[in-house]
Amino acid sequence: MNYPSEMFNYHTWASQTILGRIKELPAAVLHQEVNSSFPTIAHALNHIYAVDKMWYMVLTGTDMGEALQECMPLNGRILQTVDEYVKLFAELSEQFREWIGSESDLDRTIMLNNPYAGIRETRLSEIVLQVANHGSYHRGNISTMLRQLGHASTMNDYVLFLYQQPAEQAEVS
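All of the points below concern the structure found in this document. This is a predicted model, so every value here is computed, not measured.

**A closer look at the packing of aromatic side chains**
No. 1: One pass over the full model with this rule turns up eight aromatic pairs.
No. 2: With centroids separated by 4.6 Å and ring planes inclined at 25 degrees, the aromatic side chains of Phe 8 and Phe 96 adopt a geometry described as stacked. One end of the pair, Phe 8, is in helix H1 (residues 3-24); the other, Phe 96, is in helix H4 (residues 82-102), with 88 residues separating them in the sequence. You'll find Phe 8 and Phe 96 in the same group, each marked buried.
No. 3: Ring geometry for Tyr 10 versus Phe 161: centroids 5.8 Å apart, planes at 65 degrees, classification edge-to-face. With Tyr 10 in helix H1 and Phe 161 in helix H6 (residues 158-163), this pair connects stretches of sequence that are 151 residues apart. The same class applies to Tyr 10 as to Phe 161, namely buried.

Written out as structure tokens, the structure is:
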């Protein structure tokens, strides 16, 4: 099993799952202010997207400082509807999938020049895992925000993702 790819598939599924839950709620929930990590759910979604996009750029050869400069303004680009977020996330996920499918060695190392932490050698697979981990963290923020706004969230844990995979993928060889 290719664990980085599997974790990215989980990340995509979990993001679409929470977006699906938000879509079931009144449209105003997306922009309703809450006292939490982000002022609105839309801001949290923007942050996840901006960071995902930044890491995608790093994985595809852009210097991290340059990728940060290009992507961090996306934090302020508030979209109006959940459908817009669904589309945005789906498009970026497809770009990631294409890259993962074309990358012959996810254990290949690169020099990562992180403006906040310095230079470090890291594997491409570690960056993919970071994307999934970062998304999980902030989907947790969104779940809390939904509860603060009086709505139930939805389970989007990795184990549920595993159980929703087709039976033939779950068979042990």
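**Regarding the pairing of strand E2 (residues 118-123)**
No. 1: Bridge count between strand E1 (residues 109-114) and E2: six bridges; the pairing is antiparallel. Within E2, the residue paired with Thr 109 across the bridge is Arg 123.
No. 2: What sits between the antiparallel neighbours E1 and E2 is a turn of three residues.

**Regarding H4**
No. 1: Over its 21 residues, H4 extends 30 Å from the first C-alpha to the last, a length consistent with the 30 Å expected when each residue adds 1.5 Å.
No. 2: Among all positions of H4, only Val 82, Tyr 85, Leu 88, Phe 89, Leu 92, Ser 93, Phe 96, Trp 99 and Ile 100 are buried. Taken around the axis of H4, the buried residues stretch over an arc of 130 degrees, which confines them to a single face. Turned more than 90 degrees from where H4 packs its buried face, Lys 87, Glu 98, Gly 101 and Ser 102 sit exposed.
No. 3: Where H4 is buried, its residues touch H1, helix H2 (41-59) and helix H5 (124-148).

**Details of the pattern of salt bridges**
No. 1: Counted under the stated rule, the structure contains seven salt bridges.
No. 2: A salt bridge links Glu 126 to Arg 120, with the nearest nitrogen and oxygen atoms 3.7 Å apart.
No. 3: A residue is classified by how much of its surface remains accessible, and Glu 126, at 27% relative accessible area, is partly exposed.
No. 4: On the accessibility criterion, Arg 120 (47% relative accessible area) is partly exposed.
No. 5: Each member of the salt-bridge network shares a partner with another, and the members are Asp 107, Arg 120, Arg 123 and Glu 126.

**A look at the nonpolar core**
No. 1: Counting residues in each nonpolar core, the largest one holds 48 residues, and the members touching the most others are Ile 22, Ile 41, Leu 45, Met 54, Trp 55, Val 58 and Ile 142.
No. 2: Of all the elements in the fold, those that place two or more residues in this core are H1, H2, helix H3 (64-71), H4, E1 and H5.
No. 3: In terms of residues, this core owes the most to one element, H2, which gives 14 residues.

The rules behind these values
Residues numbered from 1 in each chain as written. Predicted model: local features only at pLDDT ≥ 70, side-chain atom pairs only at ≥ 80, totals over all residues. Heavy atoms only, no water. Phe/Tyr/Trp six-rings, centres within 6.5 Å; stacked < 30°, edge-to-face > 60°. Helix = DSSP H or I, 4+ residues; strand = E, 2+ residues; numbered from the N terminus. Buried < 20%, exposed > 50% of the residue type's maximum accessible area, 1.4 Å probe, protein only. Pairing = 2+ DSSP bridges. Expected span 1.5 Å × (residues − 1). Arc of directions from axis to C-beta. Contact = heavy atoms within 4.5 Å. Salt bridge = Lys/Arg side-chain N within 4 Å of Asp/Glu carboxyl O. Core = buried A, V, L, I, M, F, W, Y, C linked by side-chain atoms within 4.5 Å.

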